[in-house]
Amino acid sequence: MNSLEQAEDLKAFERRLTEYVSCLQPATGRWRMILIVVSVCTATGAWNWLIDPDTQKKQRGMVLSVKKYKQTVSFFSSLWNHPFFTISCITLIALFFAGIHKRVVAPSIIAARCRTVLAEYNMSCDDTGKLILKPRPNIQ
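Keep in mind that what you see is a predicted model, and the values were worked out from it rather than measured.

## Digging into the confidence of the model for the chain
- For the chain, per-residue confidence averages 86 on the pLDDT scale, and 86% of positions sit at 70 or higher.
- For the chain, per-element mean pLDDT is lowest for strand β1 (residues 62–63), which scores 44, and highest for helix α3 (residues 83–97), which scores 96.
- Note on residues 59–66: pLDDT under 50 across the span, and 8 contacts to partners over four residues away in sequence or across chains.

Below is the structure:
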């Protein structure tokens, strides 16, 4: 193979790699937005759940021979009283089980794997898929 054919092959590989990485970007952006929205909803729901006076109730013992008891709220009834937090938390857990943590970083995973393979040929690539040619090591 002469150097002209090698250059054409490298250009074709680079075009295909940049095309593939750029096609992943819109889907990655959508998954990131979904993750941000659900995370903010979960954090907001958790804040409201924690500052709710019913959630903070604890059972008290006897004080000065007078029984003063506050009704305790169980964990599940507390979650039942805060459906926004419960639903957003279940949604966040379901998204992680569905693999959203891999989908939001898919282009960087592809680029990292390509860098691993290209390192054997004294090449690398950036996060957009552009090839980086490294100088040949000098053998002395």
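This is not the end of the story, as more comes after the structure.
## Quick word on helix α5 (residues 106–118)
- End to end, α5 covers 18 Å across 13 residues, agreeing with the expected 18 Å (1.5 Å per residue, within 8%).
- In this structure, the buried residues of α5 make contact with α1 (3–51), α4 (100–103), β3 (123–125) and β4 (131–133).

## Topic: the packing of aromatic side chains
- Tallied over the full model, the rule gives 3 aromatic pairs.
- Here the aromatic rings of W49 and F75 are separated by 6.0 Å at their centres, their planes lie at 70°, and the arrangement is edge-to-face. Of this pair, W49 sits in helix α1 while F75 sits in helix α2 (residues 75–81), and the two are 26 residues apart along the sequence.
- Classification of W49 by relative accessible area gives buried; the value is 15%.
- You can call F75 partly exposed: its relative accessible area is 48%.
- Aromatic pair W49 and F85: ring centres 4.9 Å apart, planes at 15°, arrangement stacked. Here W49 is found in helix α1, whereas its partner F85 is found in helix α3, with 36 residues between them in sequence.

## A word on the environment of F76
- Relative to the helices and strands, F76 is located in helix α2.
- F76 sits 10 residues away from T86 along the chain, and the two C-alpha atoms are 9.9 Å apart.

## Quick look at the pattern of salt bridges
- Using the criterion set out here, one finds 2 salt bridges in the structure.
- Here E19 makes a salt bridge to R16, at a shortest N to O gap of 3.3 Å. With E19 and R16 both in helix α1 and 3 residues apart, the pair spans about one turn of that helix.
- Judged by relative accessible area, E19 falls into the partly exposed class, the value being 42%.
- Put simply, D127 and R115 hold a salt bridge, and the shortest N to O gap is 2.6 Å.

What counts and what doesn't
Here, residues in each chain are numbered from 1, in the same order as that chain's written sequence. Only residues with pLDDT of at least 70 get local features here, since the model is predicted, and only at 80 or more are side-chain atom pairs given and counted; chain-wide, interface and lining totals rely on the full set of residues. For side-chain calculations, the full set of non-hydrogen atoms in the structure is used, while hydrogens and water are omitted. Per-residue confidence from the prediction method is given by pLDDT, with values spanning 0 to 100. Elements are defined by DSSP. Helices are runs of H or I of four residues or more, strands are runs of E of two residues or more, and each kind is numbered from the N terminus. Any two residues whose heavy atoms approach within 4.5 Å at even a single point are treated as in contact. An expected span of 1.5 Å times one less than the residue number is assigned to each helix. Two rings from Phe, Tyr or Trp (for Trp, the six-membered ring) form a pair when their centres are within 6.5 Å of each other. A pair whose planes differ by under 30 degrees is stacked, one over 60 is edge-to-face, and the rest are tilted. Only protein chains enter the calculation, and the probe is 1.4 Å; a residue is then buried if its accessible area is under 20% of its type maximum, exposed if over 50%, and partly exposed in between. Salt bridges are defined as contacts in which a side-chain nitrogen from Lys or Arg sits within 4 Å of a carboxyl oxygen from Asp or Glu.

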